[in-house]
Amino acid sequence: MNGQKRSDVKVGALVAVILKADQRSGKLTQGRVGKLLTKSPTHPHGIKVMLTDGQVGRVAKIVEDPK
C-alpha cells in the first residue's frame, strides 16, 4: 500500500514517511503512526501523519499494519 488513502493508514501502523526537509532527496524515515493529520479521504502525495516520536511527514508506504 502506498499511503494515499486515509482509510489504509491506521494509528500504530509501521510506515515509511518523507519528512518535509527530505522532500527533495526522497529519503524515507520509518516510524509508527501516532496521529493522522490529513482530513481528506485521499491525498496524491500521501497522507500526512505525526509519528509517535513527534516527526511529521507524508506516508510513502505502509510497512506493516498494526496488530
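How each quantity is defined
- Residues numbered from 1 in each chain as written.
- Predicted model: local features only at pLDDT ≥ 70, side-chain atom pairs only at ≥ 80, totals over all residues.
- Heavy atoms only, no water.
- Pairing = 2+ DSSP bridges.
- Helix = DSSP H or I, 4+ residues; strand = E, 2+ residues; numbered from the N terminus.
- Buried < 20%, exposed > 50% of the residue type's maximum accessible area, 1.4 Å probe, protein only.

An unreviewed UniProt entry annotates the protein chain as YwbE family protein of Acetobacterium malicum.

Describing the pairing of strand β2 (residues 28-36)
Two strands pair when backbone bridges link them, and strand β1 (residues 14-19) and β2 are joined in this way by 5 bridges, in the antiparallel orientation. When the sheet's bridge partners are listed, Val 15 is paired in β2 with Gly 31. Pairing of β2 with strand β3 (residues 48-51) involves 3 bridges; the strand directions are antiparallel. Residue pairing for β3: Val 33 is matched across the bridge by Leu 51.

Some remarks on the pairing of β1
Working note: regular strand, side chains alternate between the two faces of the sheet. In terms of residue burial, β1 counts as a mostly covered element, since 5 of its 6 residues are buried. Here 6 bridges tie β1 to strand β4 (residues 56-64), and the two strands are oriented antiparallel to one another. Looking at the pairing, Val 17 lines up with Val 59 of β4.

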